[in-house]
Amino acid sequence: MKTVTYPAALWDTFRAAREGQAAVAARRQRRLDDIAGYARTHSRYYGRLYHDVPERISEIGQLPVTTKADLMAHFDDWVTDMSVTRTEVEAFLADPRSIGRDFLGRYVVCTTSGATGIPAILLHDMSALTVYNVLGYVRSLPAVRLSPRQLWALVRGRFHLAAVMVSGGHYLGNVMMARRLRTMRFRRRTQRLFSALAPIDELVRDLNAFAPVMVAGYPSALETLALERQAGSLTIHPVMVTAAGETLSAAQRRLIGTAFGCPVSNYYGSSEAVGLTFECSLQRLHVNSDWYIVEPVDDHNQPVPAGRLSDGVLVTNLANRIQPVIRYQLGDRVALMSDPCPCGSLFPVIDVVGRTDDVLVFRAPSGGEVRVLPLAIATVAEETPGLARCQLIQRTPSTLTVRMRAIDPDHETAVWGSLSRRLTEYLSALGATTVTVERSDEPPTLHPRSGKFRQVFSEIQDHQP
Ligand SMILES: [Zn+2]
């Protein structure tokens, strides 16, 4: 497999869309053969997994399914470069100075958090990064149609971009932004990261001072900011708002768009599948099916017909060689449409239900409400040393119930001690000073109705936004 250069990727991305459906399918098949062959010969994990799989496959269903838990358990065998070991990657991740730097000078490293309860460490090579960037430039940007007045507002606002995310860790958005700021120093004046974990008053104050004209963030964070904008405390006037990282509901899009008076765009992807989709001018998500294979499946990993909502989704990243992601269970619920989109794009439309975490709403001692973002509190919990898995449930306006498991069962009490302290401190910092954090005897479990793993949810229905 050759290294992908920018000119080659740009040319290929333009051509794929022009040449039509058959040309996209041909690229997908060729790239699948390449990545499966590469994985088989360069990754010990895939070498074993594909032992009984024929050399040439006619369809993707011949390849076994992979899961995050299994791949992470065999990390050193999963990677295709022998100089990459989990121990060294973890040492790299533990050093805060390494955020925005490339591991071994050639791999972008990020960690996942939040939705699934099992953190993952993911590496991307430079060819893959080129593909992700080109897909963004060629397919996502043209859908953003701005009026001359909005363009002028961008210039006047000096293109200030605020990203409201979980900062400080090696999360994808954070790493990519830190990387851009390090390599292109001039961007430091125009782009800034804001922590979605910060108390809302602080976030509002900092955003007002920075005056961004472009805002990107998790839907739950953007929703909270939209309420602050409506209340008048947040005074920014963005021209563009982009939601990513969680599912954007139609209600959230309406609320955010109305509050800020600007278009809201959406993105669906993950740290394993960067650049998976793009949103068209009709606000529908299209899969970049020349670089990704998306398979909506039922609970037994069997294909679900077009147009039907799946129980899970298998994704194959055809661009990244360092850590092949092939038929990887992402866990989101999706529907892949067979009808073409009226926008004219030949790339398939995907509907995503995705993560179903809730925003938790606690009572503040002063009488007001404290809104806690699911991804933010899940991150605080997950960063507890020794924690294997946890689930946060709100059952009353003043208690947070925690189901947890420690990596080492003998350390369960100590891990619970630091987990409950971290959660209490975090809630207090947000102003929810009277919340009791209690431990449940149950282990983290799937939701009885949906059968999905929900990491953060509320059982107080009338408090839901
Ligand atoms: Zn479309």
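This report concerns the structure included in the present document. In this text the structure is predicted, and so the values were computed from the model without any measurement.

Take the overall build of the protein chain next. Helix and strand counts for the protein chain come out as 14 helices and 20 strands. Relative to a compact globule of 465 residues, whose C-alpha radius of gyration would be 23 Å, the protein chain shows 22 Å and is just as compact. A total of 465 residues make up the protein chain; the buried ones form 53% of that total. Across the protein chain, every contact between residues at least 6 apart in sequence was considered, and the portion connecting residues at least 24 apart equals 64%. As displayed, the protein chain has an accessible area near 21100 Å², and 54% of this comes from carbon and sulfur atoms. One way to put it: in the protein chain the 51 positive side-chain charges average out to a point 9 Å from where the 46 negative ones average out.

It is at 9 Å that the axes of helix H11 (residues 219–231) and helix H12 (residues 250–260) come closest, and there the two elements cross at 40°. Comparing their axes, H12 and H11 come out oblique. Read as a crossing pair, H11 and H12 show a hand that is left-handed. Contacts from Pro219, Ser220, Leu222, Glu223, Leu225, Ala226, Leu227, Arg229 and Gln230 of H11 reach H12 at Gln252, Leu255, Ile256, Ala259 and Phe260. Residue composition of the contact of H11 with H12, by class: 9 nonpolar, 3 polar and 2 charged.

Turning our attention to the sheet that holds strand S20 (residues 456–458). As summarised here, the arrangement of the 4 strands in space is S19-S18-S17-S20, forming an open sheet in which the pairing is mixed. The open sheet has two edge strands, strand S19 (436–439) and S20, and neither has a second partner. Ignoring strand direction, the axes of neighbouring strands in this sheet form an average angle of 25°. Sheet topology places strand S18 (residues 399–406) next to S19; 4 bridges connect them, and they run parallel. Pairing of Thr399 across the sheet is with Thr436, part of S19. Contacts from helix H13 (residues 374–382) reach strand S17 (387–396), S18 and S20 within the one sheet, and its direction differs from that of S17 by about 135°. Helix H14 (residues 412–430) contacts S17, S18 and S19 of the sheet and is inclined by roughly 145° relative to S18.

The next thing to look at is the packing of aromatic side chains. Across all of its chains, the model carries 6 aromatic pairs by this definition. Centroid distance Phe278 to Phe347: 6.1 Å. Interplanar angle 80°. Geometry classified as edge-to-face. Of this pair, Phe278 sits in strand S8 (residues 277–279) while Phe347 sits in the loop between strand S13 (334–336) and strand S14 (349–352); the two residues are 69 residues apart in sequence, bridging distant segments of the chain. In this structure, Phe278 and Phe347 share a single accessibility class: buried. Following the ring pairs from residue to residue traces out a cluster consisting of Tyr45, Tyr46 and Tyr50. For the cation-ring pair, Arg31 lies above Trp291, with the distance from its terminal atom to the ring centre recorded as 3.6 Å. Its guanidinium or amino end placed over the ring of Tyr38, Arg321 lies 6.0 Å from that ring's centre, counting from NZ or CZ.

Moving on, we get to the coordination of the zinc ion. Taken together, Cys280 (SG), His286 (NE2), Cys341 (SG) and Cys343 (SG) make up the protein donors of the zinc ion, found 2.1 to 2.3 Å from the metal. Classification of the site at the zinc ion rests on its 4 donor atoms, whose angles at the metal span 102 to 121°, yielding the label tetrahedral. For the zinc ion, the single-chain donor residues occur in sequence as C-x5-H-x54-C-x1-C. Within this pair, whereas His286 is found in strand S9 (residues 285–287), its partner Cys343 is found in the loop between S13 and S14, the two being separated by 57 residues in sequence.

As a further point, take the sheet that holds S14. An order of S8-S9-S14-S13 is seen for the 4 strands of this open sheet, with the pairing classed as antiparallel. Two strands bound the open sheet, and with one partner strand each, they are S8 and S13. For this sheet, the mean angle separating the axes of adjacent strands, direction not counted, is 35°. In this structure, S13 lies alongside S14, joined through 3 bridges in antiparallel fashion.

Glancing now at the side chain of Thr384. Note on placement: Thr384 falls in the loop between H13 and S17. The exposure class assigned to Thr384 is buried, which follows from its relative accessible area of 2%. A distance of 3.4 Å separates a polar atom in the side chain of Thr384 from a polar atom in the side chain of Arg422. Residue contacts for Thr384: discarding those within four places in its chain leaves Val415, Ser418, Leu419 and Arg422.

The next point concerns the pattern of salt bridges. Tallying each qualifying case throughout the model produces 20 salt bridges. For the salt bridge of Asp206 with Arg205, the shortest nitrogen-to-oxygen distance reads 3.4 Å. Since its relative accessible area comes to 53%, Arg205 is described here as exposed.

On to the environment of Val264, then. In this fold, Val264 is placed in strand S7 (residues 264–266). Once the C-alpha coordinates of Val264 and Glu19 are considered, the two residues, 245 residues apart in sequence, prove to be 31 Å apart. Ignoring anything within four residues of it in the chain, the contact list for Val264 reads Val241, Leu248, Arg253, Ile256, Gly257, Glu279 and Gln283.

As a further point, take helix H6 (residues 86–94). Among the residues making up H6, those that are buried are Val89, Phe92 and Leu93. Taken around the axis of H6, the buried residues stretch over an arc of 100°, which confines them to a single face. Opposite the buried face of H6, at more than 90 degrees from it, the exposed residues are Thr87 and Ala94. In this fold, the buried residues of H6 make contact with helix H5 (75–78), strand S1 (107–111) and strand S2 (121–125).

The geometry of helix H1 (residues 6–19) relative to helix H2 (residues 21–42) is characterised by a closest axis approach of 5 Å and an angle of 130° between their N-to-C directions. Our classification of the angle between H1 and H2 gives oblique. Of H2, the residues touching H1 (which contributes Asp12, Arg15, Ala16 and Glu19) are Gln21, Ala23, Val24, Arg27 and Arg31. In terms of residue class, the contact of H1 with H2 is made up of 3 nonpolar, 1 polar and 5 charged.

The rules behind the values
- Residues numbered from 1 in each chain as written.
- Predicted model: local features only at pLDDT ≥ 70, side-chain atom pairs only at ≥ 80, totals over all residues.
- Heavy atoms only, no water.
- Helix = DSSP H or I, 4+ residues; strand = E, 2+ residues; numbered from the N terminus.
- Rg over C-alpha atoms; globule rule 2.2 N^0.38 Å.
- Buried < 20%, exposed > 50% of the residue type's maximum accessible area, 1.4 Å probe, protein only.
- Contact = heavy atoms within 4.5 Å.
- Areas by Shrake-Rupley, 256 points an atom, 1.4 Å probe, with all protein chains shown as cover.
- Lys, Arg positive; Asp, Glu negative; His and termini not counted.
- Charge placed at Lys NZ, Arg CZ, Asp CG, Glu CD.
- Axes fitted to C-alpha atoms, helices over the stretch in contact; angles between N-to-C directions.
- Parallel < 35°, antiparallel > 145°, perpendicular 65-115°, else oblique.
- Left-handed = near helix turned anticlockwise from the far one by under 90°.
- Nonpolar A, V, L, I, M, F, W, Y, C, P; charged D, E, K, R; others polar.
- Pairing = 2+ DSSP bridges.
- Phe/Tyr/Trp six-rings, centres within 6.5 Å; stacked < 30°, edge-to-face > 60°.
- Lys NZ or Arg CZ within 6 Å of the ring centre and 35° of its normal.
- Donors = N, O, S within 2.8 Å, 3.2 Å for Na, K, Ca; no water.
- Tetrahedral: all angles 85-135°; square planar, octahedral: opposite > 155°, others 65-115°.
- Polar contact = N/O pair within 3.5 Å; in protein donor to acceptor, adjacent residues only side chain to side chain.
- Salt bridge = Lys/Arg side-chain N within 4 Å of Asp/Glu carboxyl O.
- Arc of directions from axis to C-beta.

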